[in-house]
Amino acid sequence: TACALGTNETAACLLTCCVLIEDTSSTITSITDTQSNSWSSVTSLSTFNTGNRFQVWYSPNCGAGANTITANVSSAVATQMICEEWSGIQTSSPVDDSDVSTQADNPTTTAVTTTRTGDLLYSCFPTIVGYSTAPSGITRRNEYVFNQYMQTQNQVAGAAGNYTAQTITTSTQQGMGHIVAFL
């Protein structure tokens, strides 16, 4: 599955991708892009809703220009991804902390601990069928409807400390989430 960025990426930016695969035996083997940026997984591959798996990937200090990002999966399965560009993030070793929630109604991640003021708190939440919203003060950046809903959220951390992320699901539609604090 490929995702073309809507605008040219800026030099030294951070790219993030939340990737969902509709299969529990396949893996996301790598992320590649047409700018030859280096990608790493920041979270483990989490099983969600007994038939899906998802994972957050990132690429720091990216080159400038048009870019198409591809999720490489170990077998041909339905795949969706949300890719985003961020500026002002540390260009090497940008991950401050990360964690994952358990599957639940209105899932909340375990707290990440930031080491400085101003971390980008990035989270990704797939949910079982149903619309979800972000809590007050959190920016919901994307939502993609395929066989699942998926949204990303962000906020800038105030003082160094503990932060969680949550999505608010409709009815009893369960979800799960990953949160990453980027320096």
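See the structure above.
Everything quoted here is computed from the prediction, not taken from an experiment. (Residues numbered from 1 in each chain as written. Predicted model: local features only at pLDDT ≥ 70, side-chain atom pairs only at ≥ 80, totals over all residues. Heavy atoms only, no water.)

*Asks:* How should I be thinking about the side chain of aspartate 33 in this particular structure?
*Replies:* Within the secondary structure layout, aspartate 33 lies in strand 3 (residues 28–33). Within the local environment of aspartate 33, its side chain forms a polar contact with the backbone nitrogen of asparagine 37, the two atoms lying 3.0 Å apart. At 3.5 Å, the side chain of aspartate 33 forms a polar contact with the side chain of asparagine 67. Discounting residues that sit within four places of it in the chain, aspartate 33 has contacts with Leu15, Trp39, Asn67, Thr68 and Ile69. (Helix = DSSP H or I, 4+ residues; strand = E, 2+ residues; numbered from the N terminus. Polar contact = N/O pair within 3.5 Å; in protein donor to acceptor, adjacent residues only side chain to side chain. Contact = heavy atoms within 4.5 Å.)

*Asks:* Can you help me understand the packing of aromatic side chains in this one?
*Replies:* Taken as a whole, this structure holds 2 aromatic pairs when the rule is applied. Between the aromatic rings of tryptophan 86 and tyrosine 122, the centroid separation amounts to 6.1 Å while the plane-to-plane angle is 80°, which identifies the pairing as edge-to-face. Taken as a pair, tryptophan 86 in strand 8 (residues 79–86) and tyrosine 122 in strand 11 (residues 120–127) lie far apart in primary sequence, 36 residues in all. Here tryptophan 86 matches tyrosine 122 in class, with each residue buried. (Phe/Tyr/Trp six-rings, centres within 6.5 Å; stacked < 30°, edge-to-face > 60°. Buried < 20%, exposed > 50% of the residue type's maximum accessible area, 1.4 Å probe, protein only.)

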